[in-house]
Amino acid sequence: MATIFTRILDGELPASFVWRDDRCAAFLSIAPLKPGHTLVVPYEEVDHWLDADPELMDHLVGVARRIGRAQEHVYRPEKVGLMLAGLEVPHLHLHVIPIWSVHDLSFANAGSADRDELDREAAKLTEALETLGLAP
C-alpha cells in the first residue's frame, strides 16, 4: 500500500511543492513547526533512512541545503534546522525548518495551516530558490 507521501507525490493528494526533480520532491508540511517548514521526500518508498542508498541520502541532503538557503533568504532565521524523525509516516523524509530556538524543533509546537497559507509560503520559497540560482 502506498504511503501518504507517495500519494502526495503521485498527485492523489494536494500539496504545496517547492521542489521536484527525478529523485525527490519537497513540499510544505501541513503541520508546520514554523512557516516554511518543508519536507524533502524521495519518490522511492524507503521507511528508515539507514536503509536508503547513500547516494540518495546525499541527494536529499543537497536538496535540503538548497531549500535551507531559500528559507534563510525568506525568513531570516537564527539557523535552519534539519531533522530526520521518521515515526509519523513510514516513508523517509527530511524536515527543513527555519528556527530561532531549539524549542522550534519540538513537534509539540506543531501548528496547522490552510492550503492558501501553504501555497503563499511555497511561492515565497520557490521565488527565493529561483532568485538564488538554486531551483531544480
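In this report, we go over the structure that sits alongside the text. Bear in mind that the values here come from a model prediction, so they are computed numbers and not experimental data.

## Concerning the packing of aromatic side chains
Moving on, step 1. Taken as a whole and assessed by the stated rule, the structure comprises two aromatic pairs.
Moving on, step 2. Look at Phe5 and Phe27: their rings are 5.7 Å apart centre to centre, the planes differ by 70°, and that puts the pair in the edge-to-face class. Here Phe27 lies in strand E2 (residues 24–28) and Phe5 lies in helix H1 (residues 4–9), a separation of 22 residues in the sequence.
Moving on, step 3. Look at Phe5 and you get buried, because its relative accessible area is 6%.
Moving on, step 4. The class for Phe27 is buried, based on a relative accessible area of 2%.
Moving on, step 5. Both rings, one in Phe17 and one in Phe27, keep their centres 5.6 Å apart while their planes meet at 70°; by these two values the pair is edge-to-face. Highlighted residues: Phe17 in strand E1 (residues 17–20) and Phe27 in strand E2, separated in sequence by ten residues.
Moving on, step 6. One aromatic cluster is present, built from ring pairs that chain together Phe5, Phe17 and Phe27.
Moving on, step 7. The residue whose ring lies beneath Arg20 is Phe17, and the NZ or CZ to ring-centre distance is 3.8 Å.

## Describing the pairing of strand E5 (residues 94–99)
Moving on, step 1. The element E5 is extensively covered by neighbouring structure, given that six of its six residues are classed as buried.
Moving on, step 2. Burial along E5 is two-sided: the residues Leu94, Val96 and Pro98 and His95, Ile97 and Ile99 are all buried.
Moving on, step 3. Sheet analysis places strand E3 (residues 38–42) next to E5, joined by three bridges and oriented antiparallel. Directly across from Val40, in E5, lies its bridge partner Leu94.
Moving on, step 4. Pairing of strand E4 (residues 79–83) with E5 involves five bridges; the strand directions are antiparallel. Looking at the pairing, Val80 lines up with Pro98 of E5.

Conventions adopted
- Along every chain, residues carry numbers that run from 1 in the direction the sequence is written.
- The predicted origin of the model limits local features to residues at a pLDDT of at least 70 and limits the giving and counting of side-chain atom pairs to 80 or more, whereas totals for whole chains, interfaces and linings rest on all residues.
- Processing note: side-chain calculations cover all non-hydrogen atoms of the structure and skip hydrogens and water entirely.
- Think of it this way: a Phe, Tyr or Trp ring, Trp meaning its six-membered ring, pairs with another when their centres are within 6.5 Å, and the plane angle makes it stacked under 30 degrees, edge-to-face over 60, tilted otherwise.
- Each helix is a run of DSSP H or I of at least 4 residues and each strand a run of E of at least 2, with the numbering of both proceeding from the N terminus.
- Only protein chains enter the accessibility calculation, which uses a 1.4 Å probe. A residue is then buried if its area is under 20% of the maximum for its type, exposed if over 50%, and partly exposed in between.
- In this scheme, the term charge over a ring applies when either NZ of a lysine or CZ of an arginine sits within 6 Å of the ring centre and within 35 degrees of the ring normal.
- Pairing between two strands is assigned when DSSP locates at least 2 bridges connecting them.

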